[in-house]
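# Fold and contact review
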Amino acid sequence: YTCLVQACVHNRRLERALSLHDTMVADIGCAVDDKFYAVLARGCMQMHQPLKAIEIVRAAYQLPGHNLAKSARRDGRPVGVEYKALEELSSKLQAGGREEKEAWAKCSAELQAQGVHIAQGSGYGGGYGGARAANGNDANRSRLGNGGGGKSNGRGGW
């Protein structure tokens, strides 16, 4: 599904990508992951839909304030967004307009209340920065029990 979402974004079909999200989370046998949400959020930013990107983050962390389908996962745990993508999203939104800044400030405060900390002002620098759980671990690793992360294309762009 992640590749299909990337193809939708590449073809400028954001609504189709969002529909794939809803289809995927409705299927108990299909598990969304932090990479899926990273691709979807980055796609929203590429298509100049920053508020929709915030909705993606809200859905990934099961925060209120989004119109996406809720996950059918039995354990009910939030999946999250890859830490690098969340860091990039934060940087872009903080540099955006008033509406984006306010929406992101509210969302990031709610993330912090869940124990997800986003390095402020870290931009596109290398290193591990990014979203951290309150215990200092990578937020996705602490939620999923895996290495989180993922690949970077080295371009740092959306």
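These numbers were taken from a predicted model, which means no experiment stands behind them.

Calculation rules
- All chains use their own residue numbering, which begins from 1 and follows the written sequence.
- Per-residue local features are limited, in this predicted model, to residues with pLDDT of at least 70; the limit for side-chain atom pairs, both in listing and counting, is 80 or more; totals at the level of whole chains, interfaces and linings are taken over all residues.
- Processing note: side-chain calculations cover all non-hydrogen atoms of the structure and skip hydrogens and water entirely.
- Every helix listed is a DSSP run of H or I at least four residues long, and every strand listed is a run of E at least two residues long, numbered separately from the N terminus.
- Residues are treated as being in contact if the distance between any of their heavy atoms lies within 4.5 Å.
- Every accessible area reported is derived by Shrake-Rupley at a probe size of 1.4 Å, with residue values counting cover from the shown protein chains alone.
- What we call a nonpolar core is a set of buried Ala, Val, Leu, Ile, Met, Phe, Trp, Tyr and Cys residues that are connected through their side-chain atoms within 4.5 Å.
- Three exposure classes are used, based on accessible area relative to the maximum for each residue type with a 1.4 Å probe and protein chains only: buried under 20%, partly exposed in between, and exposed over 50%.
- Classification of ring pairs uses Phe, Tyr and Trp, with its six-membered ring standing for Trp, and accepts pairs whose centres are within 6.5 Å; under 30 degrees between planes counts as stacked, over 60 as edge-to-face, and the remaining range as tilted.
- Criterion for a salt bridge: a side-chain nitrogen of Lys or Arg within 4 Å of a carboxyl oxygen of Asp or Glu.
- Residue count minus one, scaled by 1.5 Å, sets the expected span of a helix.
- Whenever a helix is involved, its axis is fitted only over the stretch in contact; in every case the axis is a line through C-alpha atoms, and angles between N-to-C directions fall within 0 to 180 degrees.
- Oblique is the label for any angle not under 35 degrees, not over 145, and not in the 65 to 115 range, which are roughly parallel, roughly antiparallel and roughly perpendicular in turn.
- Two helices that cross are described as forming a left-handed crossing if the nearer one is turned anticlockwise from the farther one by less than a right angle, and a right-handed crossing if clockwise.
- For this scheme, ten residues count as nonpolar: Ala, Val, Leu, Ile, Met, Phe, Trp, Tyr, Cys and Pro. Four count as charged, namely Asp, Glu, Lys and Arg, and the remainder, Gly too, count as polar.

Turning our eyes to something else, we now look at the overall build of the chain. Across its full length, the chain carries seven helices and two strands. Each helix and strand of the chain, ordered N terminal to C terminal, gives the series α-α-α-α-α-α-β-β-α. Sequence separation of at least 24 residues holds for 60% of the intrachain contacts in the chain that already meet a minimum separation of 6. Accessible area for the chain stands at about 7900 Å²; split by element, carbon and sulfur atoms hold 49% of it.

Counting 40 residues, the largest nonpolar core has Tyr-37, Val-57, Tyr-61, Val-81, Trp-104 and Leu-111 as its most contacted members. Those elements giving two or more residues to this core turn out to be helix H1 (2–10), helix H2 (14–26), helix H3 (34–46), helix H4 (50–60), helix H5 (83–94), helix H6 (98–113) and strand S1 (116–118). For this core, the element with the most residues is H3, which contributes eight residues.

Summed over all chains, the structure comprises one aromatic pair. Aromatic side chains Phe-36 and Tyr-37 sit 5.7 Å apart centroid to centroid with 80° between the ring planes, which places their arrangement in the edge-to-face category. Assessed through its relative accessible area of 3%, Tyr-37 is described here as buried.

Another point: the pattern of salt bridges. For the structure shown, the criterion picks out five salt bridges. As a salt-bridge pair, Arg-98 and Glu-102 come within 3.2 Å of each other at their nearest N and O atoms. With Arg-98 and Glu-102 both in helix H6 and four residues apart, this pair spans about one turn of that helix. Of the residues examined, Glu-102 reaches a relative accessible area of 45% and is grouped as partly exposed.

Moving on to H5. Taking 1.5 Å per residue as the helical rise, H5 with its 12 residues ought to reach 16 Å, and the 16 Å between its terminal C-alpha atoms agrees with that figure. In terms of burial, H5 is a largely internal element, nine of the 12 residues being buried. Of all the positions in H5, only Tyr-83, Lys-84, Ala-85, Leu-86, Glu-87, Glu-88, Leu-89, Ser-90 and Leu-93 are classed as buried.

Mapped onto the elements, Gln-62 comes out in the loop between H4 and H5. Sequence separation of Gln-62 and Pro-78 is 16 residues, and the distance between their C-alpha atoms is 5.7 Å. Not counting the four nearest positions on each side in its chain, Gln-62 is found in contact with Gly-76, Arg-77 and Pro-78.

Moving on to the environment of Asp-34. Position of Asp-34 relative to the elements: it lies in helix H3. C-alpha separation for the pair Asp-34 and Gly-80, spaced 46 residues apart in sequence, amounts to 5.3 Å.

At a minimum axis distance of 7 Å, the contact between H3 and H4 shows a crossing angle of 165°. Classified by the interaxial angle, the pair formed by H3 and H4 is roughly antiparallel. In this structure, H3 crosses over H4, and the sense of that crossing is left-handed. Residues Tyr-37, Leu-40, Ala-41, Cys-44 and Met-45 of H3 form the contact with H4, whose participating residues are Pro-50, Lys-52, Ala-53, Ile-56, Ala-59 and Ala-60. Considering only residue class, the contact of H3 with H4 consists of 10 nonpolar, no polar and one charged.

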